[in-house]
Amino acid sequence: MSQDKQPKPTAEASIGRRTFINTAALAGLTVGVAACTDKPTSAAASAASAPAAGGLVGANASHLKPGELDTYYGLWSGGHTGDMRVLGLPSGREITRIPCFVPDALVGWGITNESKKIMGTKADGSLKYTVADTHHTHASYKDGNYDGRYAWINDKINSRIARIRLDYFVCDKITELPNVQGFHGIFPDKRDPVDEKINYTTRVFCGGEFSIPLPNTGSEDASKYRSLFTCVDAESMEVRWQVLIDGNCDLTATSYDGKLAAVNQYNTEMGAKYEDMMSAERDACLFFNVARIEAAVKAGQFKTIGSSKVPVVDGTRASNKDPKTALTAYVSMPKNPHGVNASPDGKYFICAGKLSPTGSVIELAKVLDWFEGKLEKLDAAIVAEVELGLGPLHTAFDGRGNAYTTLFLDSQVVKWNVEAAIKFHKGDKSAKYVVDRIDVHYQPGHLNASQSETKAADGKYLAVGCKFSKDRFLPVGPLHPENEQMIDISGEKMVLMADHPVRGEPHDFIIFKRDLLRPKQVYALDEFPLAVKDPKESGVFRNGKKVTVKLTSQAPAFSLREFKLKKGDEVTLILTNLDKIADLAHGFAIPNYNVNFIVNPLETASVSFVADKPGVFWCYCTHFCHALHLEMRTRMIVEA
Ligand code: RUQ
Ligand code: CUA
Ligand code: CA
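The rules we used
Residues numbered from 1 in each chain as written. Chains lettered and ligands numbered in written order. Predicted model: local features only at pLDDT ≥ 70, side-chain atom pairs only at ≥ 80, totals over all residues. Heavy atoms only, no water. Helix = DSSP H or I, 4+ residues; strand = E, 2+ residues; numbered from the N terminus. Rg over C-alpha atoms; globule rule 2.2 N^0.38 Å. Buried < 20%, exposed > 50% of the residue type's maximum accessible area, 1.4 Å probe, protein only. Contact = heavy atoms within 4.5 Å. Areas by Shrake-Rupley, 256 points an atom, 1.4 Å probe, with all protein chains shown as cover. Lys, Arg positive; Asp, Glu negative; His and termini not counted. Charge placed at Lys NZ, Arg CZ, Asp CG, Glu CD. Donors = N, O, S within 2.8 Å, 3.2 Å for Na, K, Ca; no water. Pairing = 2+ DSSP bridges. Axes fitted to C-alpha atoms, helices over the stretch in contact; angles between N-to-C directions. 1 Å grid on protein atoms, 1.4 Å probe; cavity = no way out; pocket = protein on both sides within 12 Å on 5 of 7 lines; lining within 4 Å. Points joined across faces, edges and corners; volume = space filled by probe spheres on them. Salt bridge = Lys/Arg side-chain N within 4 Å of Asp/Glu carboxyl O. pLDDT = per-residue confidence, 0-100. Polar contact = N/O pair within 3.5 Å; in protein donor to acceptor, adjacent residues only side chain to side chain. Core = buried A, V, L, I, M, F, W, Y, C linked by side-chain atoms within 4.5 Å.

(A) Representation of the overall build of the protein. When its secondary structure is counted, the protein shows seven helices and 39 strands. Taken over the C-alpha trace, the protein has a radius of gyration of 26 Å; the compact-globule value for 640 residues is 26 Å, and the two agree within 12%. Considering only C-alpha atoms, the protein reaches an extent of 85 × 60 × 45 Å along its principal axes. Looking at the protein as a whole, 57% of its 640 residues are labelled buried. Considering only contacts within the protein whose residues lie at least 6 apart along the sequence, 61% involve residues at least 24 apart. About 26500 Å² of surface is accessible on the protein, with carbon and sulfur atoms providing 54% of the total. Separation of charge centres in the protein, based on 75 positive and 76 negative side chains, amounts to 2 Å.

(B) Molecular detail of the coordination of the calcium ion (ligand 3). For the calcium ion (ligand 3), the protein coordination sphere consists of Tyr266 (O), Glu269 (OE), Glu269 (OE), Met277 (O), Asp283 (OD), Asp283 (OD) and Asn336 (OD1), at 2.3 to 2.7 Å. Of note, the calcium ion (ligand 3) draws all its donor residues from one chain, in the sequence arrangement Y-x2-E-x7-M-x5-D-x52-N. In this pair, Tyr266 sits in the loop between β13 (260–265) and β14 (282–289) while Asp283 sits in strand β14, placing the two residues 17 residues apart along the sequence. For Tyr266, a relative accessible area of 12% puts it in the buried group. When its relative accessible area of 4% is taken as the criterion, Asp283 is described as buried.

(C) Layout of the pairing of strand β1 (residues 72–77). Judged by how many residues are buried, β1 sits mostly within the fold: six of six residues are covered. Neither face of β1 is exposed, since Tyr72, Gly74 and Trp76 on one face and Tyr73, Leu75 and Ser77 on the opposite face are all buried. Both β1 and strand β29 (residues 509–513) contribute to a ladder of five bridges, which runs antiparallel. Within β29, the position partnered with Leu75 by the bridge is Ile510. In textbook terms, the turn of a hairpin is the stretch between consecutive antiparallel strands, and for β1 and strand β2 (residues 83–89) this stretch comprises five residues, one of which, Gly79, has a positive phi near 85°.

(D) Structural detail: the sheet that holds β29. Strands sit in the order β3-β2-β1-β29 across an open sheet of four strands; the sheet is antiparallel. Each end of this open sheet is capped by a strand with a single partner; those strands are β3 (93–99) and β29. For this sheet, the mean angle separating the axes of adjacent strands, direction not counted, is 20°. Examined bridge by bridge, β1 and β2 share six bridges and lie antiparallel to one another. Within β2, the position partnered with Ser77 by the bridge is Met84.

(E) Representation of empty space enclosed by the protein. Inspection of every chain in the model, using the stated rule, returns three cavities of 30 Å³ or more. When its volume is computed, the largest cavity comes out at roughly 110 Å³. Every residue lining the largest cavity is counted, 15 residues in all, and those nearest its centre are His138, Asn341, His446, Glu453 and Asp508. Secondary-structure elements contributing two or more residues to the lining of the largest cavity are β8 (181–188), β17 (338–342), β21 (392–397) and β25 (444–449). The element that contributes the greatest number of residues to the lining of the largest cavity is β25, accounting for three residues.

(F) Region of the structure containing the sheet that holds strand β11 (residues 239–245). With mixed pairing, the five strands of this open sheet are ordered in space as β8-β9-β10-β11-β15. Lying at the two open borders of the sheet, with one neighbouring strand each, are β8 and β15 (312–314). Direction aside, the axes of adjacent strands within the sheet are offset by 25° on average. Sheet analysis places strand β9 (residues 203–210) next to strand β10 (residues 227–233), joined by five bridges and oriented antiparallel. From the neighbouring strand, Arg203 faces β10, where its bridge partner is Asp233. Its contacts with the sheet place helix α5 (residues 290–298) against β9, β10, β11 and β15, and it is angled at close to 105° to β11.

(G) The pattern of salt bridges, seen in detail. On inspection of all chains with the given rule, the structure shows 35 salt bridges. The closest approach of N and O atoms between Glu562 and Arg635, which form a salt bridge, is 2.6 Å. Of this pair, Glu562 sits in strand β33 (residues 562–566) while Arg635 sits in strand β39 (residues 633–639); the two residues are 73 residues apart in sequence, bridging distant segments of the chain. The exposure class of Glu562 is partly exposed, given its relative accessible area of 40%. On the basis of relative accessible area, Arg635 is assigned to the partly exposed category, the value being 27%. Within the structure, one salt-bridge network assembled from shared partners comprises Asp189, Asp192, Arg203, Asp233, Arg240 and Glu294.

(H) Molecular detail of the confidence of the model for the protein. Averaged over all residues, the pLDDT of the protein is 92; the fraction at 70 or higher stands at 91%. Note on residues 1–59: pLDDT is under 50 here. Beyond four places in sequence and across chains, it has 95 contacts.

(I) Examining the side chain of Thr254 more closely. Considering the arrangement of structural elements, one finds Thr254 in strand β12 (residues 252–254). On the basis of relative accessibility, which here comes to 1%, the residue Thr254 falls in the buried class. Of the polar contacts made by the side chain of Thr254, one reaches the backbone oxygen of Pro188; its length is 3.0 Å. Setting aside anything within four residues of it in sequence, one finds Thr254 in contact with Phe187, Pro188, Asp189, Lys190, Phe205, Leu260, Ala261, Ala342 and Phe349.

(J) Structural view of the nonpolar core. Core analysis: the biggest nonpolar cluster contains 28 residues, and Leu573 and Met636 have the highest contact counts within it. Of all the elements in the fold, those that place two or more residues in this core are β31 (546–554), β33, β34 (570–577), β35 (586–590), β36 (595–599), β37 (604–610), β38 (615–620) and β39. Counting residues in each nonpolar core, the second largest holds 27 residues, with Leu75, Tyr141, Ile164 and Phe187 among its members.

See below:
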């Protein structure tokens, strides 16, 4: 990036510690980003060392008295643990984890037939995947706010999207995206672009970050590698369509009118090597015209790739030069941007610079004008490109016109006013757009504010996911936790409230008011086709070698005191928990058979195994349920 293209630093921006950014500094910055990911010591050198401002005031706000309930839910990506974390805020207490992509020993996810069916199995019945890397989670919308139906979460390693039912807080469907590697950004649409009546989420957009041969033949010729942008149906979870693009997809955002989705692109170079991905001065924020793409699919203007039947439309630059027919629009962004976020007033997408110290504001009405041939130059949709600090990554909003952006290299969050930034960019150099800065500990990635990407953004709490905790917690060996910090943003100045250690690597999250959700605590028996509805239905049902064992649980006993099998039997054991009061779960473990799972009130779960070991096996309840919990057992006798 040349120096003369950069906006001049302002006094009130009080970046002060340096004047950036010439080419040499940028080279250093690039190295810094790389070093931070694998070398904590070099990251330490760039971490802010000043103590956070005003800790005392905020400390009260995040501490809840015993028995007090939080006022906000937080849905957090679990990271490598492949699950979703549920937090209460402002306390930051982790209340539960919802398993989805990876087996979970507590509830028996990946052990029961029901969970294995959702996760996906190989021909031999074993799980197709046992690793995952979740990054982003977002929930379904209605009228521009969360409606409490679903949340979605991505698995970057195996390009899977999971849906969480928010009535029971369980994962009910997982879809693997065809021909995609490095599925990263994810965002549901906020309404339909055409049908007035559909003011809620019906699509989920998924960005493919890595380019691969299409179909993936293993070709070494990287010039032919491409990425796909994918639309998944929110209800059926089937893939509706894909868009072939130039460059790659990183994060994803959607507009409130349903018309636009966008991804930031850091590799417009389509480089296959690290260095190549940083060779261009500018990259892009790529917009998708949702209604036009769906019209093209309807009109049969698509191809398919390999064995996939999903329609793929052409969104490459060369095929989308005419605005009036274009499916896509590539808006130029400074070098290797990261993070694209929709402002709650519905007007702007904000792209953070990462290798550029800037935040870019894109006016959505202007992008739509371009698609209609009313805006001559697409670049005119960029209404601000202002300096924020070093390593800007993600942006949240308070609903009062302010944006909050993480600065990875500066270890700060910067609060800035969007309209003031636009004025400043227009030439009013007296417009003070930076409102406040706060040091965070350390190297923040994602952040989010309460209700941030909804029309009901309320500017109360901000959580920041700091990638390094360094010295903030008791040392526990080489693997440090990450540090989630809670910040009070209700005033002009940000106030640090609390630190929470968290096992890596949580990435993204959303925070919303608790009254938007009414989770159920007891299942409906009818949710489960295999339910054993009456203890009298219990027993061993034999059909040659195939054996079904049916039993029920009611504290503190299983309906069968014992059951007999023969060595070599192919067994399916079905257990329904007939206890129907909240909080009364039972577990079921079979020694030496690698079985343990939980049944919640009125839940049914089943496991299948071959009774290959003769002997007596005490199947016991693993979830403390009653004073006679230890006595809650049944005897499995496998005859030789
Ligand atoms: S990314 S630290 Cu996977 Cu969400 Cu930005
Ligand atoms: Cu049932 Cu413990
Ligand atoms: Ca680049």
